[in-house]
Amino acid sequence: LPMQSLTISTWLKDILKENHNQNAKLLVTPVDHDIFFCDKKTWNLTRRVCMLHHDYNWKGYADGIEAIQKVRAQGKNIELVVFGEKIKNPEPLFKAAGFSFEYHYRPSPDRLREVYSSCDIYLCPSWYEGLGMPSMEAMACKSALVTADTGGCRDYAINNKTALVSPAQDIEGLVKNLIHLLDNKSLLESISKNGHKKILELTWQKNCSQLMDIFDTALINKKLTP
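Analysis parameters
- Residues numbered from 1 in each chain as written.
- Predicted model: local features only at pLDDT ≥ 70, side-chain atom pairs only at ≥ 80, totals over all residues.
- Heavy atoms only, no water.
- Axes fitted to C-alpha atoms, helices over the stretch in contact; angles between N-to-C directions.
- Helix = DSSP H or I, 4+ residues; strand = E, 2+ residues; numbered from the N terminus.
- Parallel < 35°, antiparallel > 145°, perpendicular 65-115°, else oblique.
- Left-handed = near helix turned anticlockwise from the far one by under 90°.
- Contact = heavy atoms within 4.5 Å.
- Nonpolar A, V, L, I, M, F, W, Y, C, P; charged D, E, K, R; others polar.
- Buried < 20%, exposed > 50% of the residue type's maximum accessible area, 1.4 Å probe, protein only.
- Pairing = 2+ DSSP bridges.
- Core = buried A, V, L, I, M, F, W, Y, C linked by side-chain atoms within 4.5 Å.

### Considering the packing of helix α2 (residues 61-73) against helix α6 (residues 171-183)
Here's step 1: With their axes 9 Å apart at the nearest point, α2 and α6 run at an angle of 50° to one another. By the angle between their axes, α2 is oblique relative to α6. Pair α2 / α6 crosses with right-handed handedness. Seen from α2, the contacting residues are Asp63, Glu66, Ala67, Ile68, Lys70 and Val71; seen from α6, they are Ile171, Glu172, Leu174, Val175, Leu178, Ile179 and Leu182.
Here's step 2: For the contact of α2 with α6, a count of residues per class yields nine nonpolar, no polar and four charged.

Take a look at the structure:
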């Protein structure tokens, strides 16, 4: 159809161009900074690692758990924090993982902000994401991001600057990057600081202004078309 396509990430924009020869405008969805923020970051002596539970395989929950198991097997003392909306009783998750962990079922936005802010690291093991809002929300709350290369994350996850990034479905890569942050406090704090700054650059005000410009350009072109 003769309509202007909009995408929420550069990765999706490139897919439309490469696979369908469609030119799209980019509007990266911002985090709601009135909900997700952290005024003062407190670092935990026992590092807390946060992760989303989802039953879609491509969300990589099983990969994330395996990465955590491998980190624990190397003697690293960490606390896993999981949130999700698919399972109310987390006992099956504990049994599958072989250990219990902190679990939050369908947390409210305010509660989720508290969870993100209480954690040192956010782990995203997804195989792919159109963008990846949980990672961005966690970064807004000053959690350092360890992520697989989901495609959509490339607009905010810059390896060794705003995040530590490994190839998708590379469990050993996740393990390596987790341990890297666990063993290097200065890097942990640097990734947190840079990631937080990057997410602050994305605002709804800028997003809406860009959208209005797209509408204005479309109207002008419409008027110029015979």
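Having seen the structure, we can now continue with the description.
### What about the pairing of strand β8 (residues 163-166)?
Here's step 1: Burial along β8 is two-sided: the face carrying Ala163 and Val165 and the face carrying Leu164 and Ser166 are both buried.
Here's step 2: Strand direction decides the pairing type here: strand β7 (residues 144-148) and β8, joined by four bridges, are parallel. Counterpart to Val146 in the pairing with β8 is Leu164.

### Some details on the packing of α6 against helix α7 (residues 185-200)
Here's step 1: At a minimum axis separation of 5 Å, α6 and α7 run at an interaxial angle of 105°. As far as their axial angle goes, α7 and α6 are roughly perpendicular. Mapping the contact onto sequence places His180, Leu181 and Asp183 in α6 and Lys185, Leu187, Leu188 and Ile191 in α7.

### A few points about helix α5 (residues 133-140)
Given 3.6 residues per helical turn, the α-helix brings residues three or four places apart onto the same face.
Here's step 1: Counting buried positions along α5 yields six of eight residues, so the element is predominantly enclosed.
Here's step 2: For α5, the set of buried residues is Ser135, Met136, Glu137, Ala138, Met139 and Ala140.
Here's step 3: Lining the buried residues of α5 we find α4 (109-118), β6 (121-124), β7 and α7.

### Here's the deal with the nonpolar core
Here's step 1: Counting residues in each nonpolar core, the largest one holds 31 residues, and the members touching the most others are Phe101, Leu178 and Leu181.
Here's step 2: Counting residues per element, the ones that place at least two in this core are β3 (47-52), α2, β4 (78-84), α3 (91-97), β6, β7, α6 and α7.
Here's step 3: When residues of this core are assigned to their parent elements, the largest contribution, seven residues, is made by α6.
Here's step 4: Apart from the residues lying within four places of it in its own chain, the contact partners of Leu178 are Val49, Ala67, Ile68, Val71, Ile121, Leu123 and Val146.
Here's step 5: Grouped together as the second largest cluster of nonpolar side chains are 27 residues, Leu112, Met136, Ala157 and Ile199 included.

### Describing the sheet that holds β8
Here's step 1: Strand order across the open sheet formed by six strands is β5-β4-β3-β6-β7-β8, with parallel pairing between neighbours. At either end of the open sheet lies a strand with only one pairing partner, and these are β5 (102-105) and β8. On average, adjacent strands in this sheet sit at an angle of 20° to one another, irrespective of strand direction.
Here's step 2: Sheet analysis places β6 next to β7, joined by four bridges and oriented parallel. Bridge pairing in β7 links Tyr122 to Leu145.
Here's step 3: Its contacts with the sheet put α7 on β3, β6, β7 and β8, and the angle it makes with β7 is roughly 85°.

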